[in-house]
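A look at the structure
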Amino acid sequence: MRRYYRFFGRVQGVGFRYRARQAADSLGITGWVTNLYDGSVEMEAQGKEEELDRLVQMIQGSPYIDVADLTVKETGEIEGERSFRIR
């Protein structure tokens, strides 16, 4: 399954993207993460449902990251994607 996430709160300048990549790599999740101009972060992640749920928990469990709001949408899977990258 693949999900699109948008994180709001204290999510830029706190290592969010690097934490997301580290967590995704440890779980075998593919996709990407990027900062947006409005101070939010967007991410697409692909993997098993329980792994995607765990990914969000791992990101939110970081000491400097403070997610005040989160939107989630399911999207279509991308065949052949092999890694999780920072954009």
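Owing to the predicted nature of the structure, the values given are computational and were not obtained by experimental measurement. (Residues numbered from 1 in each chain as written. Predicted model: local features only at pLDDT ≥ 70, side-chain atom pairs only at ≥ 80, totals over all residues. Heavy atoms only, no water.)

Let's talk about the sheet that holds strand S1 (residues 2–10)
The strand order across the open sheet formed by five strands is S4-S1-S3-S2-S5, and the pairing between neighbours is mixed. Every interior strand has two partners, whereas the edge strands, strand S4 (66–75) and strand S5 (84–86), have only one. Strand-to-strand twist of the sheet, defined as the mean angle between neighbouring strand axes without regard to direction, takes the value 15°. With respect to the sheet, helix H1 (residues 16–27) is in contact with S1, strand S2 (30–35), strand S3 (41–46), S4 and S5, its orientation differing from that of S5 by roughly 170°. (Pairing = 2+ DSSP bridges. Helix = DSSP H or I, 4+ residues; strand = E, 2+ residues; numbered from the N terminus. Axes fitted to C-alpha atoms, helices over the stretch in contact; angles between N-to-C directions. Contact = heavy atoms within 4.5 Å.)

Brief notes about the packing of aromatic side chains
All told, the structure shown has two aromatic pairs when counted by the stated rule. On the basis of an interplanar angle of 20° and a centroid distance of 5.9 Å, the ring pair of Tyr5 and Phe7 is categorised as stacked. The pair Tyr5 / Phe7 is uniform in exposure class, with both members buried. Put simply, the rings of Tyr5, Phe7 and Phe16 pair up and form one aromatic cluster. (Phe/Tyr/Trp six-rings, centres within 6.5 Å; stacked < 30°, edge-to-face > 60°. Buried < 20%, exposed > 50% of the residue type's maximum accessible area, 1.4 Å probe, protein only.)

As for the pattern of salt bridges
Under the counting rule described, the total for this entry stands at five salt bridges. With a closest N to O distance of 2.7 Å, Glu81 and Arg2 form a salt bridge. With Glu81 in the loop between S4 and S5 and Arg2 in strand S1, this residue pair connects regions lying 79 residues apart in the sequence. Arg2 carries the same exposure label as Glu81, and that label is buried. With a closest N to O distance of 3.4 Å, Arg3 and Glu49 form a salt bridge. (Salt bridge = Lys/Arg side-chain N within 4 Å of Asp/Glu carboxyl O.)

Considerations on the nonpolar core
Grouped together as the largest cluster of nonpolar side chains are 21 residues, with contacts concentrated most on Phe7, Phe16, Met43, Leu55 and Phe84. Of all the secondary structure elements, the ones that give two or more residues to this core are S1, H1, S3 and helix H2 (49–60). Per-element tally for this core: the top contributor is H2, with five residues. The contact partners of Phe16, leaving out residues within four places of it in the chain, are Phe7, Val11, Val33, Val41, Ile59, Ile65 and Val67. (Core = buried A, V, L, I, M, F, W, Y, C linked by side-chain atoms within 4.5 Å.)

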